[in-house]
Amino acid sequence: GEDVEQSLFLSVREGDSSVINCTYTDSSSTYLYWYKQEPGAGLQLLTYIFSNMDMKQDQRLTVLLNKKDKHLSLRIADTQTGDSAIYFCAENPGSSASKIIFGSGTRLSIRP
Amino acid sequence: DTAVSQTPKYLVTQMGNDKSIKCEQNLGHDTMYWYKQDSKKFLKIMFSYNNKELIINETVPNRFSPKSPDKAHLNLHINSLELGDSAVYFCASSHGRDTIYFGEGSWLTVV
């Protein structure tokens, strides 16, 4: 089946690292994505990882993929107030090139 | 230089009305989508078009009819609007699987 799960809330202190976790069910997923949605705004593609990779780093963002456990994580280093948003994990299931399945989103809030 | 643009951004209308949301992409992508985001922020695909052909229709009521006049446009027409149609509708486009770009969303409120 096609299902993506992530916890609904995460609170971190400013300057700390944030780690947002996600699990997916489709082992044939080829691409996995992280999107960011700020209040009242659209979806911004943050990064994506191809299924044959274990890790991808882009400035403050690190994506880790454990394909065996079907687990994806997004680490944000030195979290800032501007990182407050909902973060969506998504997969492109192997059964269909033409859709992506989203998780429920994790709302990241930053404490001073 | 907007990549995926959709109009209107906000729409308030009465139950029973018919309304359309327009979407255009200037990225040269061959696949376009409509997604719906409900009040709990859940995102679900509604339709996908590839080169103007409908390839995904995810059990959306017949009141919703997408139309793709060309590869760069995918419009969404909704007949007989119901309260439950209130949501944010996102248009998106892609070329291949690697990057899917979303528009800014259209906030539809049915009263």
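Everything that follows concerns the structure shown earlier in this document.
Here's a quick rundown of the structure.

Cut-offs and rules
- Residues numbered from 1 in each chain as written.
- Chains lettered and ligands numbered in written order.
- Predicted model: local features only at pLDDT ≥ 70, side-chain atom pairs only at ≥ 80, totals over all residues.
- Heavy atoms only, no water.
- Helix = DSSP H or I, 4+ residues; strand = E, 2+ residues; numbered from the N terminus.
- Rg over C-alpha atoms; globule rule 2.2 N^0.38 Å.
- Contact = heavy atoms within 4.5 Å.
- Buried < 20%, exposed > 50% of the residue type's maximum accessible area, 1.4 Å probe, protein only.
- Polar contact = N/O pair within 3.5 Å; in protein donor to acceptor, adjacent residues only side chain to side chain.
- Pairing = 2+ DSSP bridges.
- Axes fitted to C-alpha atoms, helices over the stretch in contact; angles between N-to-C directions.

Secondary structure summary: chain A contains zero helices and eleven strands in total. Ordering the α and β elements of chain A from the N terminus gives β-β-β-β-β-β-β-β-β-β-β. A compact globule built from 112 residues would reach a C-alpha radius of gyration of about 13 Å, and chain A, at 13 Å, matches this within 12%. Dimensions of chain A, computed from the C-alpha atoms along their principal axes, are close to 45 × 30 × 20 Å. Long-range pairs, those at least 24 residues apart, make up 56% of the contacts in chain A with a sequence separation of at least 6.

Turning our eyes to something else, we now look at the side chain of Lys36 of chain A. Residue and element names in this part refer to chain A. With respect to the helices and strands, Lys36 occurs in strand S4 (residues 31-37). The exposure class assigned to Lys36 is buried, which follows from its relative accessible area of 10%. For Lys36, the side chain forms a polar contact with the side chain of Glu38, separated by 3.5 Å. In contact with Lys36, other than residues within four places in its own chain, are Gly42, Leu43, Gln44, Leu46, Gly82, Asp83, Ala85, Ile86 and Tyr87.

Turning next to the sheet that holds strand S1 (residues 4-7) of chain B. Strand-to-strand pairing in sheets goes through backbone hydrogen bonds, with the strands running parallel or antiparallel. Residue and element names in this part refer to chain B. Ordered by their spatial adjacency, four strands build an open sheet running S1-S3-S8-S7, and the pairing between neighbours is antiparallel. Either end of the sheet is taken by a strand with one partner, and the two such strands are S1 and strand S7 (64-70). Looking at each pair of strands side by side, their axes are set apart by 20 degrees on average, direction ignored. Note: S7 against strand S8 (residues 73-78), five bridges, orientation antiparallel. Paired with Ser65 across the bridge in S8 is His77.

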